[in-house]
Amino acid sequence: MSRMRRNDLFWAGVFIAPTFLGLLLFYMWPVLRTLFISFTETGPFGGSEWVGFDNYAALAQDSALWSTLWNTVKFTLVALLGIPLALVLAALLSTPGLRGVKVYRVIYFLPVVTMPAAVGLIWRTLYNGEVGVINAILGTIGLPGTNWLSNPATALYAVAVVGIWLGLGTQIVIFLAAIQGVPKDLYEAAQLDGAGRVRQFWSVTLPSISPSIFFISVLAVIGALQTFDLIFVMTGTSNPAYPQTETIVAQFYQRGFVDNQQGYAAAIAFVLLVLIVAVTAVQFRLQKKWVHYV
Amino acid sequence: MRPARFLAFSAALLLGLTACGSGGGGDAADAESGPVTISYGIWDKNQAPAMQKIADEFHAANSDITVKLQVTPFKQYWTTLQTAATGGGAPDVFWMNGPNIKLYAGNGQLLPLDGAIKEGGLDLGDYPSALVDLYTLDGKTYGIPKDFDTIGVWYNKAIFDAAKVDHPTDDWTWDDFQATARKLTDPAKGIYGAAAPVENQAGFYDTIHSAGGHIISADGTASGYGTPEALHGIEFWTSLVKDGASPTVQQMTDTSPYDMFKAGKVAMIWNGSWAAGEYNGIAELKNTVDVARIPTGPKGSISVIHGLGNVIFAKTKHPDAAEKFVAFLGSKRAAEIQAEAGAVIPAFNGTQQQWVDSMPQFNVKAYIDEVADAAAYPVSKETKTWNALETEILTKVWTGEVAAATGLKELATQMDAALAKEQ
Amino acid sequence: MSDTLERTAPRVTGSPSGDPAAPVPPEAGRRWRPQHVGVHAVLLLGSLAMLGPFFWELSTSLKTLGETLVLPPTLLPAEPQWSNYRDVFDTLPFGQMFTNSVLLTAGRVVGQLVLCSMAGYAFARFEFAGRGLLFGLFLSVLMVPSQLFLLPQYEIIASLGWLNTLQALVVPGLFSAFGTFLMRQFFLSLPRELEEAAKLDGANHWQIFTRIMLPLAKPGLIALTVLDVLWSWNDLMWPLVVNNDPMAMPLSVGLASLIGQYQVNTTTLMAGSVLATLPVLVMFILLQRQFIQGIAFSGSKG
């Protein structure tokens, strides 16, 4: 047995080493480097000076930063709403005998393959307060529209909707696959117990695919906490609603690349990293409560 | 392909890629005697053909130096440049602008050009003095002016004619402008008299200077926003928004006011000389719009003047070749090539006429006339930091969330703090 | 070999062929049609929301620049300006940039397929001390905000002397924590019987991996390929930062360059985006089935 173990260790080394070494050099080392930089203040073109915890102390008192963190959290919570939507759509697409599933799949995946440069521009036109299609449609059913992207009350949510739109395709595809993997006999048993389609979805499908739901929600949270490009493209800095949409990564970018305070920016990045790790750890803890592994 | 073979093939491919490493980079080590290739970094695709022509003519005269053009989109230009400079890999020669010159020159990233100027036989008197000053630090010149831009008022002739209002003239006043803007506003047609965006270069910088104020003190340590003149300059714009003669900030965020002007929804808009070429190229606008000098305020019709400069990277491996090229870029011939292309106004005195003549239907002469009275574009070492403050605070003033006087005091305080950090 | 798989696979009971993405026999379809009206209604509504923006992109790509400025915007162009598509080729070295995008993407994908399948298999099947910890370390990479990597990775590439080289674009992308994660999940879901049998026959790990596991891994590998292509195709900042040779820029950079300092060449940008999206879209359409198969096994476990 121990020879088998030693053998495994050797082969594990062979198989994993290339990726591990590559990740070490290109991904883990940069994280350490960033941690180091966060304890310094760097000049715009290099040259640094050790400042200890000064950056972190300043960070703790930076109310602008905390408000961007709050924006990021709000954005993440809204983005998570896309998951139930994806679940429902995936369930509908799994209706036995449904025609055109292949076509629907491509249509729903379309946003995922689009070039980001175009997406921001297109949605800005749609959201336009005076002439946008969305307000036009709302007008026909008698609902008031507004300047979705520049109204401080709505801007963040308007961008979050686009975030959901972009991510739906991948989520639906993953849920589709998971749903189709659920053993049929479970449904038959439920039907025998008198459960209708909706009840079956709730008590058979959802628990069975809970590992996939968990997987998606972990990725969705991590992704949403790191959002920057989308919000930046859709609501620029001169937008009156920018204070309500600026995310923490935007602050990282502003401090690091515009204000040239790379040490402070590194501290921001590190705090965000710790936050993401903490949130993910909590999610992993909670999974015992609701995720069913077969 | 069988899996094992595929793996072997891929492994070989990977090894091959990584092995290429040692050969990378550009030229082999060479003394300035052998053929040399230098890189020229720019950000405007539209100007690339003109820049290429300059590079080609330079090469014809200096056959041992080849210039390779590198175009980086403007949005990513400065991040990429700073990263490259930190790593020692910035282009040998590249475009510089006002907001960034002190950052680069003050941190030793640029080569002083006094030697290049002397050897190339250039005379700094050939360029607008405000520009030369912009690119001078501690008595040394770091950039050769390439082009310049000033600000003018573009107006839609059709809207004026329909309302039977006289077209703006080059000597009109602030009162004329304000009155005209209100007169032309027609909510029924969805037309605004003048757009008042939260815009510094083509907006409040000019009105503050025209009111007798300034943005930054001459020694770069104090903000000029706390003065009554600055308030006067700002109220020029906020009154337009308040009275409905301009679209609201929210409306202008949803739809760019420049697009509104192009769509015929705004009668007047302040815009830089860079817009002339654009409007000249749009069939629907070519004969519908024209430009006038900015209106005269309490202290005159003062536009800020800005222009790009050509600079040399301090760590360039080919300083001699770079200096020769920079000298050529600053020559009259290079200015003429730019003038022919029509995209920008060349900085070299006396070469602007071609640019003016390329758009005879526009009164673009007004832009050139403004140079004599123009104010230097306000900059400091970390210009972008307080530019961001301007946007943040003045947007609130525009929307009425904060009173103008209060907002400006706040802006002045924060800008002073930022400038203090630089010292 | 596939027969063995079907007989031993416990989970795949949805359809007769064992393939979760295979179409259901038509007899079932005809029986249930009328009850699907409601389902179709909802799905079509959703499709409109998905397609709407594309329709806008297409429509704008066929307008004249003047038409795009009209307020309120018109739905359709007066006359489709197909010349806008030709303009893309005039304004950008599209062919060259396309090739660069393909090279960059192919390099990364091939590398990841090899390296991630190896590492993923090891994590799934080998027992060794510290396996959990090491895998956790891999996962932690996923949680790092990607913007953090830009400068440090640039420093590394510069110090290796790899600026302006193909390997600078490709090599950092060869190593993927996500790819390893995906392949690990995939291998975890495969039955062990085949490997056990091979081990009894005296095969070593390498032989088992290359002769038995890799052929079975096709759906997982395709899933990884599709995802990698999507990410690499749109990568913008890295190629810009690490490379300044204009002939080496990929499509993402080309499209970004259409957004100038003061004006956006809207029609060309839209046309260029449509063209740039097509290859990836076609790839997805062709590989749909296997892509979903690959994800089916991987997403369903924890």
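The model shown is predicted, which means the values in this text are computed figures rather than measured ones. (Residues numbered from 1 in each chain as written. Chains lettered and ligands numbered in written order. Predicted model: local features only at pLDDT ≥ 70, side-chain atom pairs only at ≥ 80, totals over all residues.)

## Re the interface of chain A and chain B
Each partner contributes to the interface: chain A provides 19 residues, whereas chain B provides 21 residues. Within the side of chain A that touches chain B, the residues separate by chemical class into 6 nonpolar, 11 polar and 2 charged. (Contact = placed C-beta atoms within 7 Å. Nonpolar A, V, L, I, M, F, W, Y, C, P; charged D, E, K, R; others polar.)

## Observations regarding the domain arrangement of chain A
Size of an interface, as often reported, equals the accessible area lost when the parts are brought together. Splitting chain A by domain gives domain 1 (1-30) and domain 2 (62-290). Here the C-alpha centre of domain 2 of chain A lies 35 Å away from the C-alpha centre of domain 1 of chain A. (Domains from an automatic or database assignment.)

## Focus on the sheet that holds strand S3 (residues 93-96) of chain B
Through backbone hydrogen bonds, the strands of a sheet pair up, either in parallel or in antiparallel fashion. Residue and element names in this part refer to chain B. With mixed pairing, the 5 strands of this open sheet are ordered in space as S2-S1-S3-S13-S6. The sheet is open, and its two edges are formed by strand S2 (65-71) and strand S6 (144-145), each paired on a single side. Relative to strand S13 (residues 309-312), S6 runs antiparallel, the two being bridged by 2 bridges. Within the sheet, the bridge partner assigned to Ile-144 lies in S13 and is Asn-310. Across the sheet, helix H15 (residues 319-329) is in contact with strand S1 (36-42), S2, S3, S6 and S13; its angle to S13 comes to roughly 170°. (Pairing = 2+ DSSP bridges. Helix = DSSP H or I, 4+ residues; strand = E, 2+ residues; numbered from the N terminus. Axes fitted to C-alpha atoms, helices over the stretch in contact; angles between N-to-C directions.)

## Overview of the nonpolar core
A general feature of soluble globular proteins is that nonpolar side chains tend to end up buried together. Counting residues in each nonpolar core, the largest one holds 158 residues, and the members touching the most others are Ala-90, Ile-172, Phe-175, Leu-176, Ile-268 and Ala-269 of chain A. When residues of this core are assigned to their parent elements, the largest contribution, 17 residues, is made by helix H8 (residues 155-180) of chain A. When near neighbours in sequence (up to four residues on either side) are disregarded, Ala-90 of chain A contacts Ile-172, Phe-175, Leu-176 and Ile-179 of chain A. Of all hydrophobic cores here, the second largest spans 130 residues; its members include Leu-103, Tyr-225, Leu-231 and Leu-308 of chain B. (Core = buried A, V, L, I, M, F, W, Y, C linked by C-beta atoms within 7 Å. Buried ≥ 20, exposed ≤ 12 C-beta atoms within 10 Å, placed from the backbone.)

## A closer look at the interface of chain A and chain C
Contacts between the two partners involve 77 residues from chain A, matched on the other side by 76 residues from chain C. When contributions to the side of chain A that touches chain C are tallied by element, the ones reaching two or more residues are helix H1 (2-38), helix H4 (82-93), helix H5 (101-113), helix H6 (116-127), H8, helix H11 (210-225), helix H14 (248-258) and helix H15 (262-290) of chain A. Per-element accounting of the side of chain A that touches chain C gives the leading share, 19 residues, to H1 of chain A.

## Quick look at the domain arrangement of chain C
Residue and element names in this part refer to chain C. Once the domains are mapped, chain C shows domain 1 (34-81) and domain 2 (85-299). Distance between the C-alpha centres of domain 1 and domain 2: 31 Å. Each partner contributes residues to the interface: domain 1 has 7 residues there, and domain 2 has 6 residues. Within the residue set of the side of domain 1 that touches domain 2, elements represented by two or more residues are helix H3 (37-61) and helix H4 (65-69). Ranked by the residues each element gives to the side of domain 1 that touches domain 2, the list is headed by H3, at 4 residues. When grouped by side-chain class, the residues that make up the side of domain 1 that touches domain 2 number 2 nonpolar, 3 polar and 2 charged.

## A look at the pairing of S13 of chain B
Regular strands place their side chains on alternate faces of the sheet. Residue and element names in this part refer to chain B. A two-sided burial pattern is seen for S13, the buried positions comprising Gly-309 and Val-311 on one face and Asn-310 and Ile-312 on the other. Relative to S13, S3 runs antiparallel, the two sharing 4 bridges. Note on S13: the bridge partner recorded for Val-93 is Ile-312.

## Some remarks on the sheet that holds strand S9 (residues 192-194) of chain B
Residue and element names in this part refer to chain B. What the 4 strands build is an open sheet, ordered S9-S10-S8-S11; its pairing is mixed. One side of each edge strand has no neighbouring strand; the edge strands of this open sheet are S9 and strand S11 (289-293). Across the sheet, the mean angle separating the axes of adjacent strands is 30° when strand polarity is ignored. Alignment of strand S8 (residues 151-156) against S11, held across 5 bridges, turns out to be antiparallel. The residue of S11 that forms the bridge with Gly-152 is Arg-293. Its contacts with the sheet put helix H8 (residues 174-184) on S9 and strand S10 (266-272), and the angle it makes with S9 is roughly 165°.

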